[in-house]
Amino acid sequence: MKSLRSSIDVVSVRAKQLAVPLEEGLCLHPEDSAVEASEKMLDRQYDLAPVLEEGSPIGLFAYNAFGDSSSVALVGEAMEPLKSASIVSGEAQLGAIVNRLNSRSFLFVLEEDGISGFLTPSDLGSVGVRAHFYSHLSHLETLLGEYLRLKYPDQSKATSLLRAGRLESQKAIAADLRARDRFLDEISCVSLQDLIDICGKDPEFRAAVARTGTGWNKVDRGFGEFRDVIMHSSRPLSTLGMTEPAMLLKMQRRIDALSEAVEKMLVASRA
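Residues numbered from 1 in each chain as written. Predicted model: local features only at pLDDT ≥ 70, side-chain atom pairs only at ≥ 80, totals over all residues. Heavy atoms only, no water.

Overview of the confidence of the model for the protein
For the protein, mean pLDDT is 88; residues scoring 70 or higher make up 91% of the total. Across residues 1–9 the pLDDT falls below 50, and counting only partners more than four positions away or on other chains, this stretch makes 18 contacts in the model. (pLDDT = per-residue confidence, 0-100. Contact = heavy atoms within 4.5 Å.)

Okay, here's the thing in structure tokens:
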């Protein structure tokens, strides 16, 4: 059977779409003064900068890389030579990018014509990354809603599983939508976190999540806040500590585990 995931357009962000072009970044040259280069980087609050020779990267210079040594005068003497571990394909998808940035804080992006730009953890708060996660969260929300509609023909039985405060909120939203003649159904009046909480009351669903290799207690919290931050570009990911690659990687794995579980539950429900 065709995967439900493939039937919905989920944004797939690639490295070349997120990369900072070399010409737009602070680039150094081997013959530059190491001290002056560090001062420039301090002014811009950069820890690392690419080193170019004839327009092509040959290494990476770290702020104050020469330490207390007065013998290091030039950038070329203190830079780290370009290594394959510092290069990622322009076609690499976000999961691979985040995984690489979790171990290296600077990646050169390689396209057909050579290295065109670079990525750092600060680029993980970009519009492209937000679009990626919003798309995946919306996809998950759609699948969870579909599953609950199949499992609970009487949707009030599903919403009755909510905590008292969340049930009151759901009823208020439903009443408002009815008053404006925009009511669809009970399930459409709950949040993504509510959908996850309701599904979590189902032992079979929790077991399906466990079969993905992820325990329920590692996937069932934090989606509400994360989605709110992702939706509003004025709210930095740092408010949730999400500029750290490890945190985004963890959230992606949680989304993937829930999505995989609900897809399998839907397939089983329709068999």
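Observations concerning the pattern of salt bridges
This structure, assessed with the given rule, holds 13 salt bridges. Ionic pairing is found between aspartate 197 and arginine 221, a salt bridge with its closest N-O pair at 2.9 Å. With aspartate 197 in helix H8 (residues 192–199) and arginine 221 in the loop between helix H9 (203–210) and helix H10 (223–231), this pair connects stretches of sequence that are 24 residues apart. Among the residues examined, aspartate 197 registers a relative accessible area of 16% and is labelled buried. Counted as one network, the salt bridges with shared partners bring together Arg14, Lys16 and Glu91. (Salt bridge = Lys/Arg side-chain N within 4 Å of Asp/Glu carboxyl O. Helix = DSSP H or I, 4+ residues; strand = E, 2+ residues; numbered from the N terminus. Buried < 20%, exposed > 50% of the residue type's maximum accessible area, 1.4 Å probe, protein only.)

Things to note about unusual backbone geometry
A positive phi angle is found at glutamine 45, which is not glycine, with a value near 60°. Assignment of secondary structure puts glutamine 45 in the loop between helix H2 (34–44) and strand S2 (48–53).

Comments concerning the nonpolar core
Grouped together as the largest cluster of nonpolar side chains are 53 residues, with contacts concentrated most on Phe133, Leu144, Tyr147, Leu148, Phe205, Phe223 and Leu258. Those elements that provide at least two residues to this core are helix H1 (15–18), helix H4 (94–101), strand S6 (107–111), helix H5 (127–151), H8, H9, H10 and helix H11 (245–270). Top contributing element to this core by residue count: H11, with 10 residues. With residues near it in sequence (within four places) discarded, tyrosine 147 still touches Cys199, Asp202, Phe205, Val262, Met265, Leu266 and Ser269. By size, the runner-up hydrophobic cluster in this structure holds 10 residues, among which are Ala37, Ala49, Val51 and Phe61. (Core = buried A, V, L, I, M, F, W, Y, C linked by side-chain atoms within 4.5 Å.)

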